[in-house]
Number of protein chains: 2
Amino acid sequence: MADVFFLAAVNEARLGLAEGGVPIGSVLVLDGVIVGRGHNQRVQQGSVVLHAEMAALEDAGRLSAAEYRRSTLYTTLSPCAMCTGAALLYGIPRVVVGENRTFLGREDLLAQGGVAVEVLDDEACVELMTTFIATDPDLWNEDIGE
Amino acid sequence: MADVFFLAAVNEARLGLAEGGVPIGSVLVLDGVIVGRGHNQRVQQGSVVLHAEMAALEDAGRLSAAEYRRSTLYTTLSPCAMCTGAALLYGIPRVVVGENRTFLGREDLLAQGGVAVEVLDDEACVELMTTFIATDPDLWNEDIGE
């Protein structure tokens, strides 16, 4: 059965694509409820910090440490160093990742930090990123600092 | 001689304090020019992602990988995991830190990533943070996910 939270993250990625942006989406789930959602804002807001995961965290607003520690971060793509660092800062215990075939982020650091990382290897996410990277490699490289 | 870039970061921290915020400031310097500046926006904007370093990166806007790789990030306080991750993502080669006595961030990860970290052990920065932490420990703990 597809996870409704993961599907919400994929929906965010598709919203980003429809806006001409980087098609990566994320949601933050606390106690079984989506409390934050977002997608990459590099094109839309000219943002270099609002990767999808950061946008979802920002959308959730100021939570307590206890709340972060009961939360799960869903993202369509393996989290980069920045988003990994944000998860570590706030002590988010679990990260569900759509795929890490088109980009392998810092899952190693998440694991070192005791974060449970679950990679779904989702075909829809792979397809979204494969098409995007082939279409606009410069934008993609900029987003990952390359 | 006090570094004019570092003093600009301290000035950002003081602006944050004057606004009732977390007194941490940062500037991003590229080819001898400040291209981004900012201070922690937790109180002012209710932001959980705009730590000082992130605010400076956001203020600088979309830079090329080549530009990030010629830049230096100045910050009044040792960078947390999130800000460390942002520096690693963008390949910033040098980070100048005001102090790490009141909070030791992830300088270990910066060093592992090949980033040159210079800690100034600046008394003014220590004083800013010591007073702030004593005055509003809850806000401070929230900012570092504790």
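Everything here concerns the structure above.
Only a predicted model underlies this, so the values are computations on that prediction, with no experimental measurement involved.

Calculation rules
- Residues numbered from 1 in each chain as written.
- Chains lettered and ligands numbered in written order.
- Predicted model: local features only at pLDDT ≥ 70, side-chain atom pairs only at ≥ 80, totals over all residues.
- Heavy atoms only, no water.
- Helix = DSSP H or I, 4+ residues; strand = E, 2+ residues; numbered from the N terminus.
- Rg over C-alpha atoms; globule rule 2.2 N^0.38 Å.
- Buried < 20%, exposed > 50% of the residue type's maximum accessible area, 1.4 Å probe, protein only.
- Contact = heavy atoms within 4.5 Å.
- Areas by Shrake-Rupley, 256 points an atom, 1.4 Å probe, with all protein chains shown as cover.
- Least-squares fit on C-alpha atoms with pLDDT ≥ 70 in both.
- Core = buried A, V, L, I, M, F, W, Y, C linked by side-chain atoms within 4.5 Å.
- Polar contact = N/O pair within 3.5 Å; in protein donor to acceptor, adjacent residues only side chain to side chain.
- Phe/Tyr/Trp six-rings, centres within 6.5 Å; stacked < 30°, edge-to-face > 60°.
- Pairing = 2+ DSSP bridges.
- Buried area = accessible area lost by both parts, 1.4 Å probe.
- Salt bridge = Lys/Arg side-chain N within 4 Å of Asp/Glu carboxyl O.
- Axes fitted to C-alpha atoms, helices over the stretch in contact; angles between N-to-C directions.

Caption draft 1: Expanded view of the overall build of chain A. Scanning chain A from terminus to terminus reveals eight helices and five strands. Starting at the N terminus and walking to the C terminus, you meet the elements of chain A as α-β-β-α-α-α-β-α-β-α-β-α-α. For 146 residues, the compact-globule estimate of 2.2 N^0.38 gives 15 Å, and chain A sits close to it at 14 Å. Within chain A, the proportion of its 146 residues that are buried is 56%. In chain A, the share of contacts with a sequence separation of at least 24, taken over all contacts with a separation of at least 6, comes to 53%. Surface summary for chain A: the accessible area is close to 5600 Å², and the carbon and sulfur share equals 53%.

Caption draft 2: Spotlight on the relation of the copies chain A and chain B. For the pair chain A and chain B, the best superposition has an RMSD of 0.0 Å and corresponds to a rotation of 180 degrees with a translation of 0.0 Å parallel to the axis. One copy is carried onto the other by what is essentially a two-fold rotation axis. Comparing interface residues between copies, 100% of those in chain A also lie at the interface in chain B; the contact surface is shared.

Caption draft 3: Main features of the nonpolar core. Grouped together as the largest cluster of nonpolar side chains are 67 residues, with contacts concentrated most on A:M54, A:W140, B:M54, B:M82 and B:W140. A per-element tally of this core places helix α5 (residues 81-90) of chain B first, with seven residues.

Caption draft 4: Local environment of the environment of B:N100. All names here are of chain B. For N100, the location among the structural elements is in the loop between β4 (94-99) and α6 (107-112). The spacing of N100 and Y68 is 32 residues in sequence and 24 Å in space, taken between C-alpha atoms. In terms of polar contacts, N100 uses its side chain to reach the side chain of E107, at 3.3 Å.

Caption draft 5: The side chain of B:H39, seen in detail. Residues and elements named next belong to chain B. Locating H39 in the fold gives a position in strand β2 (residues 33-39). Engagement of the side chain of H39 in a polar contact is seen with the side chain of E12, the distance being 2.6 Å. Residues in contact with H39, not counting those within four places in the same chain, are E12, L15, G16, E19, I24, G25, Q44, L50, A52 and A55.

Caption draft 6: Broad picture of the packing of aromatic side chains. Within the structure shown, the criterion is met by eight aromatic pairs over all chains. Their ring planes at 90 degrees and their centres at 5.7 Å tell us that B:F103 and B:W140 sit as a pair that is edge-to-face. Note that B:F103 is positioned in the loop between β4 and α6 and B:W140 in helix α8 (residues 137-143), a separation of 37 residues in sequence. Its relative accessible area of 5% is what places B:W140 among the buried residues. Ring-pair connections join several aromatic residues into one group, and the members of that group are A:F103, A:F132 and A:W140.

Caption draft 7: Representation of the pairing of β2(B) within the structure. All names here are of chain B. Relative to β2, strand β1 (residues 25-30) is paired through six bridges, and the arrangement is antiparallel. Pairing of V27 across the sheet is with R37, part of β2. Hairpin connection, β1 to β2: the antiparallel pair is bridged by two residues, and D31 has positive phi, about 50 degrees.

Caption draft 8: Geometry of the interface of chain A and chain B. With 32 residues of chain A at the interface, the matching set in chain B holds 32 residues. Buried surface at the junction of chain A and chain B, both sides included, amounts to about 2600 Å², of which 62% is carbon and sulfur. The largest share of the area that chain A buries against chain B comes from A:V48, A:R62 and A:L89, three residues that together contribute 25% of it. Salt-bridge contacts for A:R62 lead to B:E142; the nearest nitrogen and oxygen are separated by 2.6 Å. If you look at where chain A meets chain B, you find 16 residue pairs in polar contact (both at pLDDT 80 or more). For the side of chain A that touches chain B, the secondary structure elements donating two or more residues are α2 (42-45), α3 (52-60), α4 (65-68), α5 (81-90) and α8 (137-143) of chain A. Per-element accounting of the side of chain A that touches chain B gives the leading share, seven residues, to α5(A).

Caption draft 9: Fine view of the sheet that holds strand β4 (residues 94-99) of chain A. All names here are of chain A. Read across the sheet, five strands follow the order β2-β1-β3-β4-β5 without closing on themselves; strand pairing throughout is mixed. Bordering the open sheet on either side are β2 (33-39) and β5 (116-119), each of which pairs with just one other strand. On average, adjacent strands in this sheet sit at an angle of 15 degrees to one another, irrespective of strand direction. Relative to the sheet, α3 contacts β1 (25-30), β2 and β3 (71-77), its axis offset from that of β2 by approximately 135 degrees.

Caption draft 10: Representation of α3(A) in the model. Of all nine residues in α3(A), seven are buried; the element is thus mostly enclosed. All buried positions along α3(A) are accounted for by A:A52, A:E53, A:M54, A:A55, A:A56, A:L57 and A:A60.

Caption draft 11: Expanded view of the pattern of salt bridges. Counted under the stated rule, the structure contains 16 salt bridges over all chains. In this structure, the salt-bridge partner of A:R106 is A:D108, at a minimum N-O distance of 2.9 Å. Accessibility expressed as a relative area gives 29% for A:R106, which makes it partly exposed. Residue A:D108 is classed as partly exposed on the basis of its relative accessible area of 36%. Shared partners join several salt bridges into a network, and the residues in it are A:R42, A:E142, A:D143 and B:R62.

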